[in-house]
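Examining the three-dimensional arrangement
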Amino acid sequence: MTEPDQAPDRRNFVTKAAAIVVGGLISVVAPVAGLFTVFDPLRRKTDTRGLVRITSLSALPDSGEPRKFPVLDTLVDAWNRTENVPVGSVYIQKTGENTVRVLNTVCPHLGCSVGYNAASSGYFCPCHKSAFALDGSIADPKSPSPRAMDALEAEVRDGEVWVRFQNFRKGSPDKIPV
Ligand code: FES
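Throughout this description, residue numbers start from 1 for each chain and increase along the sequence as written. Local features in a predicted model are, by the rule used here, given only for residues with pLDDT of at least 70; side-chain atom pairs are given and counted only at 80 or more, and totals for whole chains, interfaces and linings are based on all residues. Side-chain calculation: all heavy atoms of the structure are included, whereas hydrogens and water are not.

A short note on the overall build of the protein chain
Going by this rule: Counting from the N terminus, the helices are DSSP H or I runs at least four residues long and the strands are E runs at least two residues long. Whether two residues touch is decided by their heavy atoms; if any such pair falls within 4.5 Å, the residues are in contact.
Tallying secondary structure elements over the protein chain gives one helix and nine strands in all. Along its sequence from the N terminus, the protein chain presents helices and strands in the succession α-β-β-β-β-β-β-β-β-β. Within the protein chain, contacts between residues at least 6 apart in sequence are counted, and of these 48% link residues at least 24 apart.

Below is the structure:
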């Protein structure tokens, strides 16, 4: 066979070899890239316990009477981000010019919703009759609640009240985050 006759064969061989190598790389890289894409959300940190804006300070009476507010948070799971999901509720009292007290409305006994009684200036749980003072402490020693209402970390920023919402284990004398 002459030299010019062999040239097309060599070109074909090189072209086919290159196609096999490129095809092999694509068949390996594409699935790996796809796995990264699919599982990327799992690598993100989920945080539903950051500070959440609840209300403005001006919405609270200067008298210190508590107001109840829902807590709406952004929930992020592996693949979804959902805004304004109700995750609980809080009582907020203005305790000073720029300070507040925030209490989780969940009764530490067995988890009923604690109500505010303006007449007695305190909180009362209708389920088993736990009574709490305005600061959340147990008001009646016969209350079955094993601890005071759960106070939550809060801060006032530019006239807005921000709360680190948290639930705690029920029925325990200790405040154990859940
Ligand atoms: S759940 Fe509140 S007193 Fe039992």
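Comments concerning the sheet that holds strand 6 (residues 122–125)
For the record, the criterion: Two strands pair if DSSP finds at least two bridges between them. The axes used here are C-alpha line fits, helices contributing only the stretch in contact, and every angle between their N-to-C directions lies in the interval 0 to 180 degrees.
In spatial order, the strands read 5-6-7; together these three strands make up an open sheet with antiparallel pairing. Every interior strand has two partners, whereas the edge strands, strand 5 (115–117) and strand 7 (130–132), have only one. Taking each pair of neighbouring strands and ignoring which way they run, the sheet shows an average axis angle of 30°. Direction of pairing for strand 5 relative to strand 6: antiparallel, over a ladder of three bridges.

Here we look at the sheet that holds strand 9 (residues 160–164)
Pairing between the strands of a sheet is mediated by backbone hydrogen bonds and can be parallel or antiparallel. Read from one edge of the open sheet, three strands run 1-9-8, paired in antiparallel fashion. Because the sheet does not close on itself, it has two edges, and the strands there are strand 1 (51–56) and strand 8 (154–157). Averaged over all adjacent pairs, the angle separating strand axes in this sheet is 30°, with direction ignored. By the bridge criterion, five bridges tie strand 1 to strand 9 in an arrangement that is antiparallel. The residue bridging Val-52 from the neighbouring strand is Val-163, located in strand 9.

A short note on the state of the cysteines
Note the threshold: By disulfide we mean two sulfur atoms from cysteines, separated by a distance within 2.5 Å.
Overall, the coordinates contain one disulfide when judged by the stated rule. Two residues, Cys-112 and Cys-127, share a disulfide whose sulfurs are 1.9 Å apart. Judged by the sign of its S-S torsion, about -95°, the cystine formed by Cys-112 and Cys-127 is left-handed. Of this pair, Cys-112 sits in the loop between strand 4 (100–104) and strand 5 while Cys-127 is found in the loop between strand 6 and strand 7, placing the two residues 15 residues apart along the sequence.

Considering the pairing of strand 2 (residues 67–76)
Note that strand 2 and strand 3 (residues 81–94) share nine bridges and pair antiparallel. Following the sheet pairing, Leu-72 is matched in strand 3 by Pro-86.

What to know about the side chain of Ser-143
Inclusion rule: Whether a residue is buried, partly exposed or exposed follows from its accessible area with a 1.4 Å probe, protein chains only, as a fraction of its type maximum: under 20%, in between, or over 50%, in that order.
In this fold, Ser-143 is placed in the loop between strand 7 and strand 8. Accessibility expressed as a relative area gives 9% for Ser-143, which makes it buried.

Examining unusual backbone geometry
In this structure, Asn-84 takes a positive phi of about 55° despite not being glycine. Position of Asn-84 among the secondary structure elements: in strand 3. Not every positive phi belongs to a glycine, and Asp-158 is a case in point at roughly 50°. Along the chain, the position of Asp-158 falls in the loop between strand 8 and strand 9. Overall, the relative accessible area of 81% leaves Asp-158 in the exposed class.

Some remarks on the pattern of salt bridges
Our working rule: A carboxyl oxygen of Asp or Glu within 4 Å of a side-chain nitrogen of Lys or Arg is what we treat as a salt bridge.
Enumeration over the complete set of coordinates arrives at seven salt bridges. Salt-bridge contacts for Glu-65 lead to Arg-67; the nearest nitrogen and oxygen are separated by 3.4 Å. According to the relative accessible area criterion, Glu-65 is partly exposed, its value standing at 28%. A salt bridge links Arg-157 to Glu-155; the shortest N-O distance between them is 2.7 Å. Residue classification places Glu-155 among the partly exposed positions, given a relative accessible area of 32%.

Concerning the packing of aromatic side chains
The condition is simple: Aromatic pairing here means that ring centres of Phe, Tyr or Trp (its six-membered ring) are within 6.5 Å. Orientation follows from the plane angle: under 30 degrees is stacked, over 60 is edge-to-face, and everything else is tilted. Only Lys NZ and Arg CZ are tested; either one counts as a charge over a ring when it is within 6 Å of the ring centre and within 35 degrees of the ring normal.
Across all of its chains, the model carries two aromatic pairs by this definition. Between Tyr-91 and Tyr-123 the ring centres are 4.8 Å apart and the planes differ by 50°, which places this aromatic pair in the tilted class. Of this pair, Tyr-91 sits in strand 3 while Tyr-123 sits in strand 6, and the two are 32 residues apart along the sequence. The same class applies to Tyr-91 as to Tyr-123, namely buried. Pairwise contacts between aromatic rings join Tyr-91, Tyr-116 and Tyr-123 into one cluster. The ring of Phe-168 carries the charged tip of Lys-175 above its face, separated from the ring centre by 4.9 Å.

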